[in-house]
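Each chain, letter by letter, is given below.
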Amino acid sequence: MIGRIGTALMGRILGATVPLSAQEAATTVAIRHVTVIDGTGAAPIADATVLIRGSRIEAVGPSGRIPIPAGATVIEGEGKFLVPGLIDTHLHIARRLGAPIVDRQLGYALANGVTGFREASGIGKERELVSLREKIERGEQLGPRLYISGTASGQNLPRYQASGLADLVRRLRDVGVDGIKLRNLNQAQADSAIRAAKEAGLAVFGHTYGPGTDVDFTVPALESGATGVMHINGPGPASSVKPRTVLASGWQGEWLRLHFRWVDATVADEARMIQALVNHGAWLEPTLTTVEFEVHPDQYQDRPESRVAEILWEYPFPKMREGMPAWTGSDREVALEGYARMQHFVRRAHQAGIPIIAGTDGYPQSSGSIHEELRLLVAAGLTPMAALQAATRNAARALGWEKRTGTIVAGLAGAAGSEPAGRHHEHEEDCAGRPLRPSPRPGGAESSGLGGFPVSRRSCANMCTSDRSRETTGYALQEPGPAAQVRRAARQGRDHARGL
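Read on for a plain summary of the structure. Since the model is a prediction, treat every value here as computed from it, not as a measurement. (Residues numbered from 1 in each chain as written. Predicted model: local features only at pLDDT ≥ 70, side-chain atom pairs only at ≥ 80, totals over all residues. Heavy atoms only, no water.)

### Points about the overall build of the chain
At step 1: Scanning the chain from N- to C-terminus turns up 18 helices and 14 strands.
At step 2: By residue count, 57% of the 500 residues in the chain fall in the buried class.
At step 3: When contacts within the chain are restricted to residue pairs at least 6 apart in sequence, long-range pairs at least 24 apart make up 76% of them.
At step 4: When the accessible surface of the chain is split by element, carbon and sulfur atoms take 50% of a total near 18,900 Å². (Helix = DSSP H or I, 4+ residues; strand = E, 2+ residues; numbered from the N terminus. Buried < 20%, exposed > 50% of the residue type's maximum accessible area, 1.4 Å probe, protein only. Contact = heavy atoms within 4.5 Å. Areas by Shrake-Rupley, 256 points an atom, 1.4 Å probe, with all protein chains shown as cover.)

Here it is as structure tokens:
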């Protein structure tokens, strides 16, 4: 029954084993002898049992202390790790709604252990996105749990016949969005949208810079009530930027100025932004994958995951690079220096207690990019456990989902996405306990995993598993196979996603 895995772990069971009714037995699952990393930051629980009844975690603890009810489905987890389902806080599917590519992206997200994500910009399709969110919640379509961002931008005003940004925010609230994203606004416009969102009871976040690359209003936006900042390469803490001669022209030269705002930032400039984030309890979503894809694209050219992305995006890798700069010479040097400063800032922000959350913007591997973001967070200086929390507990809190998912604790929901009603899951035998197969990563030194994250194949509901028992923290997806296997996985993403 793990196919529905409207199941997930934990809590206390008092008393002796209690026989279950036929209906209860059909929806009660015990995962035993597994190592649980619950996402709270606590030490892993070795040889644990997780009991799931219906769609709720009922108990978690050492296997010797958690009795398994007679009639429950038992999954053997020996040699595996169980972690909360991953949440990507920054993906985009709005532009392709209604096309088969969206179903493939939803399935591929699940196959990568992503059991929830934020659609980060509705761009006029907020109604359709809300409808998709509700279909998934009702179990009519398989997919990760969705958080829908309504876009506060000048471009969205005519789409909703709004008289202004405040009116737009109210209309988006009535549509049913979960939060408001600031996009392509100046400071005064952002202030208007932030005030309206607060009045509407909606979280508001996004781009706290622009228009252009010379304006940053992150601190004023936070003081007005913004709840989070997206993209580390968008805001720049420098109070002034030195004049420079650049090789790039046009938009690529403008884009490079984003890096100047980091290269020229003083310690005091960075401290001011960090203090504002701390003072207002805001989160930071670095989307390091976008900067890595910008400055180190060649490393992704021949990866199997990139072949998957080509299939999901329906265009070749070189086209994925379109719209990304291709700096050379001294331009590239300053871009790399700026990126190093961004990474250092992420580490400082984490050390200051600012919640770091894991969003990818879909780079470099479409809806399966979350593992790369976790690797890059570790490279920036977070521990593997802290990086994992960026995609679990912290992300759930940022989206207001902490009572449903993000940690493996008693009472939380067990299913992020639901199986379509009445559909039989043809792979239940495999999902109920076939050993997971590790897949070595080409390239020698990286064969042991991604930045300390073990490699495994399947995911389930609000939990993910790994069978790399020598690792102690995290989850990562097995590398995809040849193109034919990748296509098959894309077509059958729903079935892969239901497995453990």
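### Quick notes on the pattern of salt bridges
At step 1: Here the structure, examined in full by the defined rule, presents 19 salt bridges.
At step 2: Between Asp264 and Arg244 there is a salt bridge, and its shortest N-O distance comes to 2.7 Å. Taken together, the residues span a long stretch of sequence, with Asp264 in the loop between helix H7 (250-263) and helix H8 (267-279) and Arg244 in the loop between strand E11 (228-230) and H7 at a distance of 20 residues.
At step 3: One salt bridge connects Glu270 with Arg348, and the closest N-O pair in it is separated by 3.0 Å. Taken as a pair, Glu270 in helix H8 and Arg348 in helix H12 (residues 329-351) lie far apart in primary sequence, 78 residues in all.
At step 4: Taking the relative accessible area as the measure of exposure, Arg348 reaches 23% and is therefore partly exposed.
At step 5: Salt bridges here are not isolated pairs; linked through shared partners, they connect Glu292, Arg303, Glu372 and Arg375. (Salt bridge = Lys/Arg side-chain N within 4 Å of Asp/Glu carboxyl O.)

### Quick word on the pairing of strand E9 (residues 179-182)
At step 1: Residues of E9 alternate between two faces, with Gly179 and Lys181 on one and Ile180 and Leu182 on the opposite face, all of them buried.
At step 2: Sheet topology note: the strand E8 (residues 145-152)/E9 ladder contains 4 bridges and is parallel. Pairing of Gly150 across the sheet is with Ile180, part of E9.
At step 3: In this region the chain leaves E8, passes through helix H4 (residues 165-175) and returns to the parallel neighbour E9; the handedness of that crossover is right-handed.
At step 4: Direction of pairing for E9 relative to strand E10 (residues 203-206): parallel, over a ladder of 4 bridges. Paired with Leu182 across the strands is Gly206, a residue of E10.
At step 5: One crossover worth recording links E9 to the parallel E10 by way of helix H5 (residues 187-200), and it is right-handed. (Pairing = 2+ DSSP bridges. Right-handed = clockwise from strand over helix to strand, strands pointing away.)

### Observations concerning helix H3 (residues 126-138)
At step 1: For H3, which comprises 13 residues, the first-to-last C-alpha distance of 18 Å matches the rise-based estimate of 18 Å (1.5 Å per residue) to within 8%.
At step 2: Within the sequence span of H3, burial applies to Glu126, Leu129, Val130, Leu132, Arg133 and Ile136. The buried residues of H3 occupy an angular sector of 160° when the element is viewed end-on, so they sit on one face. The outward face of H3, more than 90 degrees from its buried face, is lined by the exposed residues Arg127 and Arg138.
At step 3: Next to the buried residues of H3 lie helix H2 (100-111), strand E7 (114-119), E8 and H4.
At step 4: Where H3 ends, the next residue or the one after it, Gly139, has phi of about 85°, a positive value. (Expected span 1.5 Å × (residues − 1). Arc of directions from axis to C-beta.)

### A few points about unusual backbone geometry
At step 1: Here the amide bond leading from Gly210 into Pro211 is cis, since omega sits at -5°, within 30 degrees of zero.
At step 2: Along the polypeptide, Pro211 turns up in the loop between E10 and helix H6 (218-224).
At step 3: One non-glycine residue, Gln161, lies in the positive phi region at around 50°.
At step 4: For Gln161, a relative accessible area of 68% translates into the label exposed.
At step 5: If you check the backbone angles, Ser366 has positive phi at about 55° while not being a glycine.
At step 6: Summarising the element assignment, Ser366 is placed in the loop between H12 and helix H13 (370-380).
At step 7: For Ser366, a relative accessible area of 2% gives the class buried.

### Examining the packing of aromatic side chains
At step 1: Under the defined criterion, the tally for this structure stands at 8 aromatic pairs.
At step 2: Note on Phe205 and Trp283: the rings are 5.8 Å apart at their centroids and 45° apart in plane angle, and the pair reads as tilted. In this pair, Phe205 sits in strand E10 while Trp283 sits in strand E12 (residues 283-285), placing the two residues 78 residues apart along the sequence.
At step 3: Look at Trp283 and you get buried, because its relative accessible area is 6%.
At step 4: Consider the rings of Trp251 and Trp255, whose centres lie 5.7 Å apart with planes at 50°: the pair is tilted. (Phe/Tyr/Trp six-rings, centres within 6.5 Å; stacked < 30°, edge-to-face > 60°.)

### Section: the sheet that holds E12
At step 1: One open sheet holds the 7 strands; their spatial order is E6-E7-E8-E9-E10-E11-E12, and the pairing between them is parallel. Two strands lie at the open edges of the sheet, namely strand E6 (86-91) and E12, each paired on one side alone. The average undirected angle you get between the axes of adjacent strands in this sheet is 25°. (Axes fitted to C-alpha atoms, helices over the stretch in contact; angles between N-to-C directions.)

### Concerning the nonpolar core
At step 1: The biggest cluster of nonpolar side chains holds 93 residues, and the ones touching the most others in it are Ile180, Ile232, Leu277, Leu284, Leu288, Phe345 and Leu377.
At step 2: In terms of residue count, the dominant contributor to this core is H12 (7 residues).
At step 3: Setting aside residues up to four positions removed in sequence, Leu277 forms contacts with Leu222, Val229, Ala282, Trp283, Phe345 and Ile354.
At step 4: If you look at the next biggest cluster of nonpolar residues, it comprises 12 residues, including Met230, Trp283, Ala396 and Trp401. (Core = buried A, V, L, I, M, F, W, Y, C linked by side-chain atoms within 4.5 Å.)

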